[in-house]
Amino acid sequence: MRFLHRTVRRIAALTLATLAATFCAVPAASASTPDEPIGRGEVLERAWSWIDEQVPYSQTGCHNNQFGCYRPDCSGYVSMAWHLSSSLTTWDLWNVTFDIPADDLQPGDALLRDSGGTDHVALFVRWADAAHTQPVVREEYDFGHVAEEQAWTDGLRGFAPRRYNKLDDLVPYGTIAVKYDSLGGPSSPLGRPIRGERDASLDGRFQQFQNGIILWHPDVAYAVYGDILSAFWATDAERRWGFPTMDEADASRAPDGTRGRYQFFERGLFLWSPATGTHVVHDAIYDAFHAAGHESVLGYPTTDELDEAGGGKAQRFQKATIHWHPDKGTWITAN
């Protein structure tokens, strides 16, 4: 249906490129069937096809591509993206969607309005700003326009956030889906998804699975699971340690034969072994640990950092203790 409100302004694609990274279209894991459940990644892939083809707005006829033949107006565009069996009208879309809070808008949801002289629907993609006041949408806008992605710089303007009844929120998509598939999908250590992708703290995204999470931060994603995830969550997660910079991997053998696992985050190293549990090594104590030869020389940490007299810190390892003081720097004593 024709969009009568003309105050929307385009933001250059370059300024949105970093924010868009996790939402770029990737091949759908499995194609949906009409009027049946569909994942967000497939919705975004289908929606992008008309933008890529620069499909012009029209209220008659249909545009035919690999995703079927749909009327090239705003509601036909959304019908195509959701893989409905026909091109619904703006009014009919109310019947296949339900209300959601604005702060729960996720890629592939809709912004819908048919009041005040405005009959229009657009697909939500992401927020352009940290305050979540400027939605980035994909839409067939009006006569003389083609399907496009742009930011609504003047907010929601009375549009209702709506979610398609058969949108499958659990299907991984984007960079998180690529990581999940590379680890083995449901047969990986993560298991099956139990929560849809959502915002993490700072400027990342995450998805929770049966046994762990995948954390995305422009534009890479890594899995965190097991005891390392438990320690990560218990110590304020990415707000304290930043995002992971690698997947969990085998650590070196300690002098006593202990073997474990490790994972680096932006502000710390998480080390785990069955004998010592999980502890974080960071800042000046990590520098000394690294210079001394890591766990292959000092063994695995048996504590987190501890306070010492005079404003210092210490951390115990299987073979030694690393001390730090603001006036003296770091030094190592044998246990």
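Basis of the calculations
Residues numbered from 1 in each chain as written. Predicted model: local features only at pLDDT ≥ 70, side-chain atom pairs only at ≥ 80, totals over all residues. Heavy atoms only, no water. Disulfide = S-S within 2.5 Å. Buried < 20%, exposed > 50% of the residue type's maximum accessible area, 1.4 Å probe, protein only. Helix = DSSP H or I, 4+ residues; strand = E, 2+ residues; numbered from the N terminus. Contact = heavy atoms within 4.5 Å. Salt bridge = Lys/Arg side-chain N within 4 Å of Asp/Glu carboxyl O. Pairing = 2+ DSSP bridges. Lys, Arg positive; Asp, Glu negative; His and termini not counted. Polar contact = N/O pair within 3.5 Å; in protein donor to acceptor, adjacent residues only side chain to side chain.

Q: Describe the state of the cysteines, listing the residues and the values that go with them.
A: Evaluated as defined, the whole model comprises 1 disulfide. Here Cys62 connects covalently by a disulfide to Cys69, the sulfurs 1.7 Å from one another. Because the sign of the S-S torsion sets the handedness, a value of about 50° for the bond joining Cys62 and Cys69 places this disulfide among the right-handed ones. A relative accessible area of 44% places Cys62 in the partly exposed class. Free cysteine: Cys74, not disulfide-bonded; nearest cysteine sulfur from Cys62 at 16 Å.

Q: Lay out the environment of Pro244 with the relevant residues and their values.
A: Within the element layout of this structure, Pro244 appears in the loop between helix H7 (237–241) and strand S15 (249–250). Along the backbone, Pro244 and Gly184 are 60 residues apart, and their C-alpha atoms lie at a distance of 19 Å. Setting aside its immediate chain neighbours within four residues, Pro244 contacts Leu215, Tyr222, Val224, Gln263, Phe264 and Phe265.

Q: Could you give me a rundown of the pattern of salt bridges, with the residues and numbers involved?
A: Within the structure shown, the criterion is met by 19 salt bridges. Residue Arg205 pairs with Asp199 through a salt bridge whose shortest N-O separation is 2.8 Å. What makes Asp199 partly exposed here is its relative accessible area of 39%. In this structure, the salt-bridge partner of Arg261 is Asp250, at a minimum N-O distance of 2.7 Å. Note that Arg261 is positioned in strand S16 (residues 261–265) and Asp250 in strand S15, a separation of 11 residues in sequence. With a relative accessible area of 54%, Asp250 lands in the exposed category. Through salt bridges with shared partners, a single network forms among Arg40, Asp104, Asp109, Arg163, Asp169 and Arg198.

Q: How would you summarise the sheet that holds S15 if you had to cite specific residues and measurements?
A: Taken in spatial order, the 4 strands of this open sheet run S15-S16-S17-S18, and their pairing is antiparallel. The sheet terminates laterally at S15 and strand S18 (277–281), the two strands that pair on one side only. Two strands pair when backbone bridges link them, and S15 and S16 are joined in this way by 2 bridges, in the antiparallel orientation. The partner of Ala249 across the bridge, within S16, is Tyr262.

Q: Explain the side chain of Glu295 to me, and be specific about the residues and the numbers.
A: Structurally, Glu295 is set in helix H9 (residues 295–298). For the buried Glu295, no salt bridge exists, and the shortest N-O distance to an oppositely charged side chain is 7.7 Å, to Arg259. Here Ser252 takes part through its backbone nitrogen, which lies 2.8 Å from a polar atom of the side chain of Glu295. Filtering out sequence-adjacent residues up to four positions away, Glu295 remains in contact with Ala251, Ser252, Arg253, Ala254, Pro255, Leu271, Phe289 and Tyr300.

Q: A description of unusual backbone geometry should follow, citing residues and the corresponding values.
A: For the bond running from Pro218 to Asp219, omega is -15°, close enough to zero to count as cis. Secondary-structure assignment places Asp219 in the loop between strand S13 (212–217) and strand S14 (220–225). A positive phi angle, close to 60°, is found at His132, a residue other than glycine. Structurally, His132 is set in the loop between strand S6 (118–127) and strand S7 (135–139). For Arg157, which is not a glycine, the phi torsion comes out positive at approximately 55°.

What is shown is where atoms sit, not what they do.
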